[in-house]
Each structure stands twice: as C-alpha cells, then as structure tokens.
Amino acid sequence: MRRAEIIGAIVSTIVGLAIVSQAAQLEYWMPLGPGPGFVPLWAGITIALAGIVLLIQVLRSPRSPEEPPPEKGRSGMVWVAAALTVLAALGMNFIGFSATSFLFMAVLIGISGSHRWTTTIGIAAVATVVFLLVFKWGLQVPLPTGVIGI
Amino acid sequence: MDFFSSLFSNLGMGFGVALSPMNLLFCGLGVTLGTLLGALPGIGAVTGVAILLPLTFGMDPTTAIIMLAGIYYGVMYGATISSILLNTPGDAAVVISAIEGYPMAKAGRAGAAFSMNAIASFIGGTFGAVMLNIGAPVVAMAALKFGPPEYFSLMIMAMLSLAGLAGDAPAKGIIMGALGVFLATIGVDVVHGALRFTYGSIAMMNGIDFLPVAIGVFGVGEVLVQFETLREQNALNVNLKLRELLPTSADWVRSRFAILRGSIIGFVIGVLPGAGATLASFLSYATESKLTCHKDELGKGAIEGLAGPEAANNAAAAGSLVPMMTLGVPGSGTTAVLLGAFMMYGIQPGPLLFQNQPKLAWGVIASMYIGNVMLVVLNTVFIPAFVRVMKVPTTLLLPIILVLSVVGAYSLQNSMVDVWIMIAAGIGGYFIKKYKYPAATLILGLVLGPLAEVNFVRSLSISHGELSIFFTRPISMILLAVGVLSIFAPSLKSAAMKCWDRAVEKLARPDSCA
C-alpha cells in the first residue's frame, strides 16, 4: 500500500507538470483578464504541488504492516473484465450491439461465476433483449448494428 | 405570513406537477430502482444515479429529475436491507446501520429492523423534505445578491470542502478536484473561444462531458473493484411474516427521540458541503450511543442505534439538495451527478431556478413527499421481494452493469468517443477507488470547472484585473476562508466530534433512564 501511495503521488506530480508544460503554450493573460491558459496552468500547478505534499506525507508517515495482496484469481478478474469491456467496445461496430452484448455477458458470467450454462446463456439473452427494448425501441437510440444487422 | 402563504401556494403547484400520472409513474419507478440498487451490496447512490441517468434521455426534464431524485433517496432506504441481512452496506451512508441491524437480524428480529428502517427513513426523509421546502427559497433569495466573485468563491469552497472531507488525505482530494477542473478545460474555451488540448482531434473539440466520466468512475470503476473482492454473500435466512414486521411498543419508545434527533442532525449536516449522509449517520449513532439507557445492548441490536442513523442519512439526502438547487453547488458525489443532469437538460440550478423553473423546482420538492410515502410501503409490504433480489449472485449482476454503462455512455451522443472516455475513466476509477482518492471531487471539478472559470474571468473584468476583489467583498472572503479551513477538515472533524461527544455526554444524565 505504501509503495502504491508513493507511486500515486509521483504520478500525480508528473501529470501536474505535464499539464503545466502544455498549458504554458496557451495565452496566460489577455488585455481583459485571464487568458485560455490561466485555469489549466493553475490546475496543473495545484496537482503537482498536492502530489509533492502527498509524497512528503507518505514518506514521513510510519510504516504500517503490509496488507495481504488480493487472491491471484480475484485480482486477475479485474483485468479480464476490463479487457473484455474494451473488446466489446471494439466489437460493437463490427458485429453490432446485440451480438456483442450477448457474447460479452455470456463469457464474463461464465468466467466469473460457477453457474449452469443454461443460466449463463439465459441471463445474457434476456438482458440483451431488455437493453434492446429500453434503448433501441424505447429511447430510440440508434445502437450499432454491424455486419449482422441487429 | 406572506412567506408562508406563497410557500403553500408554491407547494400546491408542486403537488399539481408531481401528481400528474407520468410524474407519479416515474417517481415510483425511481424509488423502486433506487431501493433495488441500494439492496445490492456495493452499488451506492452515486453509482445508481450515474448508470441510470441515460434512461431519462428524451424525458421531460421535470419527470427526469423527479425520477433521478427518487433513485437517490430510494437507495438510502434500500441500502439498509443488505446492511441488516449481509452485514455489508449497500451505500457508505448506511455502514453504521449494520452495527445494530445485523445483530437484530441474527436474533430473529429482522422484521422489526426492516420496519424501523422504513419508518425512521420516512420520518427523516419527510423532515428533510419539509426543511428543504422552507429553507430552499430562503437560501435562493439570499443568493440573489451574489455576484461573480461570490459565485467563484462558493465553487472554490465547495471543491475544497469536499477535498477536505472526502478520502483519507486532503491532498488526494485537491489532486482530484484540480484534475476535474483541468479535464473541463479540454475543448473549446467557453470564455475566449480558443481550442485547448484538442491536438487536432475533432472529437475532442466537444470537450469531455461529465456523464461518460461519471458512468466510468462510479459504474465501471465500482464494478472492477467488486470483481476483485468477489465472494459468496451469505445472507441470513429470515422469515418475514407481516406480524413480525411490526416493531413492538418498547421499540417505539426507545426509538422516537432517536429518530427526531437523527432527522435534525441529518438535515443540518446534509446542507453543509462535503459532509453528507455518511457523516450524519455516524454523528447520529455517536449521539444515540451516549444517550441510550441500554448501553449494554450497543452493538448487539439496540434499535435506537439503527433508527437514529437511518433518519439522519435520509434527512441528509434531502438536505444536500438545498445547496445544489439554490446555489447550484453540490456538496457530494450524488448531487454533483444530479447537477450534471440538470445542466444536461439545459437547466442551471441556482437562485434563479425557483423563479425561472418554478414547476420543476417545486415539483421535485413535492415529489419527495410522495416518494417517501411510496418508499415506506415498498420497504415494509414488499420487503420480502427486495430480500430475494438481494440474493441474486453478484457475478450475474456485474456484467449487466458493465453493458448498461457502455450503452448508457453511447446513447449520450450516439458516439463511440463517449464509450472510450467512459472506459478510460472506468479503469482510472478502479485505481481511484482502490487507493482511496475521492472520485466525487473529480466530478465536482469537472461540473463546476467551466462555471468557476466564467465567474473568475467576469470578476476580474469587474475589478480590472485586481485579485483583491475576492478578498474585499465580505461574503466572498468568508466563503474562501471556509474553503481554506476545510483543507484541515480531518483534524477539525475529529475536534468537532470530540466537542459533540462532550456536549452529548453532559446532556445524558444517568437519572433520565430511571
């Protein structure tokens, strides 16, 4: 946790400094007052300074016993879920919302839980139909259809 | 007298709006969805409002806000169900309810705990609605005197207060708030028309909307955290017959003043920016633990320790709407998302809301009375149904919430750009939550950033570039001073809690229990 806190503080400082360097290219002050660079520049300075303060606080705080890391399978599920979400977003334009949504839910439910395959397929199918009913037909959202056309 | 006659006539108009069939339907839908989401462990009010906001697209703004407000206070009721049966709160605001609620359920008194939750929440929520009713127009009238410097200082105060009170270190809150302000500057500059940080991308010219970020951080981020902590939920099996849902007369006697005190504490704390329902419920529990005549039962199922905090968190939910509706400044994550919803519909909350949109403002307030009546019925008569829903495995729900987040972000502008922003915010949200950076401050910065910038530039054009304008106007100076003091909130909060404990201990005379 301590190492993560130190990394978080350093990343914040770097992000703040990156914002400052980019904002410095915009006009800071204009004849009538602050220019377009004023707010982002000060936002960057604030992030960088707060990051440094956080780093000092973490380094000065007493070391506490390390928390046990989450079980391997569980922490892995986070990245599986995130990767599948990215794949689903990519797939929506190719195979359409309905097919992507069904496949995404079926795979993720199948991986994360120990349900019977009929439950997995059934839930994925019903949820997809409900989403279509609410968003496509109810709210008239033109959801991507892809090559399948649904 | 004039004040009260106009108050009642406005409230009458509000009830006229809230009682229309469509608004009644969506108020009912909002409170039911809120109770359902609240009953699911980990899905709190802010996640519920963020992921369900896209369902209101295309609705009349009044109906949409009535439904979203219904989800907000519905979660407060429903979240206690999982606290009582699972010992796992459905929202941070009901963490304290598990301390007394879970032992009550283990002792076979889940029915009494559920009904006391519903009744205390109803009284707290209705008290909050009454105070919102009376207080909102007064604050709105006072705020009409605010100029750009006061508004700028108010927004800075709101962000600093939330940064100071949320998360485990004020520096983390400041980082999140400033990051939100920076993200809001991406796209076309609203003051000068210049392009900022678009790097030639047409998609980025529209800027980063708050909603994909809110859905990502609160929806996807929360789901990813839940995937990491997946475990079997062992809910207590309870037999809920109607007769067992009624609290005994002894329960009533023990809880009546706790509910009253919780309602007052909750509303006052709810109005303060950054404090919110969680602090209100903790303060109420601290008070009841000092005042109770049954100290030996604390932690083992003392019903007053459940009733007080429940009244407090519901009154706080109503209280937090006062600064949002009257000043346009939210004090919590959920009200920040609600403010974003108002702005999405082209409505600017603030002192002029009650003049420009009286039907919406009073309709929402009136709907809170109706919603609380619906919720007390839902959380007593239909409680067995919600208990069954709570037992649905998380592994079935999380993928559905992810798809809802994706389709919700897409439907904002029918664009995949928002989906990618949402996914990026979701992965960022996972780290934000895991390492306890306050996500609410990020959203507040994103929502208030453009308004703060406009008011800052206007103030400096009034003062011909002199920054002293913020320190020479008394209201502005006080607001900034409160904001700066809030940075020291963790130490101030513990000092205030100690003072409160001492004051309550003095009030708790041993002879009063005889």
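The rules behind the values
Residues numbered from 1 in each chain as written. Chains lettered and ligands numbered in written order. Predicted model: local features only at pLDDT ≥ 70, side-chain atom pairs only at ≥ 80, totals over all residues. Helix = DSSP H or I, 4+ residues; strand = E, 2+ residues; numbered from the N terminus. Rg over C-alpha atoms; globule rule 2.2 N^0.38 Å. Buried ≥ 20, exposed ≤ 12 C-beta atoms within 10 Å, placed from the backbone. Contact = placed C-beta atoms within 7 Å. Nonpolar A, V, L, I, M, F, W, Y, C, P; charged D, E, K, R; others polar. pLDDT = per-residue confidence, 0-100.

On a plain count of helices and strands, chain B comes out with 24 helices and two strands. Its C-alpha atoms give chain B a radius of gyration of 22 Å, near enough to 24 Å, the size a compact globule of 514 residues would have. With respect to the principal axes defined by its C-alpha atoms, chain B has extents near 70 × 50 × 45 Å. Taking all 514 residues of chain B together, the buried fraction comes to 62%.

We now examine the overall build of chain A. The helix and strand inventory of chain A stands at four helices and two strands. Helices (α) and strands (β) of chain A occur, in sequence order from the N terminus, as α-β-β-α-α-α. For a compact globule of 150 residues, the expected C-alpha radius of gyration is about 15 Å, and chain A comes in at 24 Å, more than 25% above that figure. Sequence separation of 24 or more characterises 58% of the internal contacts of chain A that already satisfy a separation of 6 or more.

Residues and elements named next belong to chain B. The backbone phi angle of Tyr 199 is positive, close to 50°, even though this residue is not glycine. Mapping Tyr 199 onto the fold places it in the loop between strand 2 (195-196) and helix 9 (202-205). A positive phi is found at Asn 414, a non-glycine position, where the angle reads about 50°. Of note, Asn 414 is situated in the loop between helix 19 (394-413) and helix 20 (416-434).

Every contact between the two is made by 50 residues of chain A and, on the other side, 49 residues of chain B. At the level of elements, helix 1 (2-23), strand 2 (33-34), helix 2 (38-60), helix 3 (72-112) and helix 4 (117-138) of chain A are the ones that each hand at least two residues to the side of chain A that touches chain B. Sorting elements by how many residues they give to the side of chain A that touches chain B places helix 3 of chain A first, with 17 residues. When its residues are assigned to classes, the side of chain A that touches chain B shows 33 nonpolar, 15 polar and two charged.

Next up on the list: helix 3 (residues 45-52) of chain B. When you tally the buried positions in helix 3 of chain B, you get eight out of eight residues, the bulk of the element. What helix 3 of chain B keeps buried is the set B:Ala45, B:Val46, B:Thr47, B:Gly48, B:Val49, B:Ala50, B:Ile51 and B:Leu52.

Another aspect to go through is the confidence of the model for chain A. When pLDDT is averaged along chain A, the result is 89, and 91% of the positions lie at 70 or above. For chain A, strand 2 of chain A is the element with the lowest average pLDDT, namely 86, and helix 2 of chain A is the one with the highest, namely 95.

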